[in-house]
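Below, each chain spelled out in residue letters.
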Amino acid sequence: MLEALSEAGRDNSNAAVMYHTAMGERIGLGMTEEKALDLLQRLGPLTAGEISQHTGLAPASVSGLIDRLERKWLVRRVRDPKDRRRVIVEINFERLAGFAELFEPLVRGLSELYERYTDEELAVILDFLTRATAVQRSATAELATES
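Residues numbered from 1 in each chain as written. Predicted model: local features only at pLDDT ≥ 70, side-chain atom pairs only at ≥ 80, totals over all residues. Heavy atoms only, no water.

## Remarks on the packing of helix α1 (residues 2–27) against helix α2 (residues 31–43)
Which entries qualify depends on this criterion: All axes here are fitted lines through C-alpha atoms, helices being fitted over the stretch that makes contact, and every angle between N-to-C directions spans 0 to 180 degrees. The numbering of helices and of strands both runs from the N terminus, where a helix is a DSSP run of H or I of at least 4 residues and a strand a run of E of at least 2. With respect to orientation, any angle under 35 degrees is reported as roughly parallel, any angle over 145 as roughly antiparallel, any angle of 65 to 115 as roughly perpendicular, and every other angle as oblique. Here, residues are in contact when the closest pair of their heavy atoms is within 4.5 Å. For this classification, the nonpolar set comprises Ala, Val, Leu, Ile, Met, Phe, Trp, Tyr, Cys and Pro, the charged set comprises Asp, Glu, Lys and Arg, and every other residue, Gly included, is treated as polar.
At their nearest, the axes of α1 and α2 sit 9 Å apart, and the two run at 95 degrees to each other. It follows that α1 is roughly perpendicular to α2 by the angle criterion. Taken together, the residues of α2 that come into contact with α1 (itself represented by V17, H20, T21, M23 and G24) are M31, E34 and K35. A class-by-class count of the residues in the contact of α1 with α2 yields three nonpolar, three polar and two charged.

Listed below in structure tokens is the structure:
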């Protein structure tokens, strides 16, 4: 069972990478850029340091990432109204118009899949995904600090 779980996890990871690579090509973004936008959409405006914390990427990598997104007019750096020394990165939502439609087939397919499970089964799946994500973030941060 553990071997099958490992194999299924690898298959799922590969499918996610290939999906987001194809999506990135379609919308003109690298996978890291696309996922950073997803993070900003879900969590709202963040500082570069917060983006680094959430992604596990090194601060220098995050600065380059923000620069690329800013050049594509997808984000903007703004001064924090509460602390003018801080700079916050926010999404330019006007530029993202139409992107959500491209994700609709995946969202619909996952919604249909969720319907097959009981609430108890979904709770176990959610627990696993949450814990697996934490493990992966930790491993990402470790890789980033070793380089």
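Right, picking up where we left off after that structure.
## Here's the deal with the packing of α2 against helix α3 (residues 48–55)
Closest axis-to-axis distance for the α2/α3 pair is 11 Å, and the angle between their directions is 105 degrees. If you check the angle between α2 and α3, you find them roughly perpendicular. Of the residues in α3, those touching α2 at L39, L40 and L43 are I51, H54 and T55. Of the residues that constitute the contact of α2 with α3, the class distribution is four nonpolar, two polar and no charged.

## Quick notes on the pattern of salt bridges
Stated precisely, the cut-off is as follows: In what follows, salt bridge is the name for a side-chain nitrogen of Lys or Arg lying within 4 Å of a carboxyl oxygen of Asp or Glu.
Tallying each qualifying case throughout the model produces nine salt bridges. One connected set of salt bridges, linked through shared partners, spans E33, R68 and K72.

Limitation: the analysis is restricted to geometry and does not speak to function.
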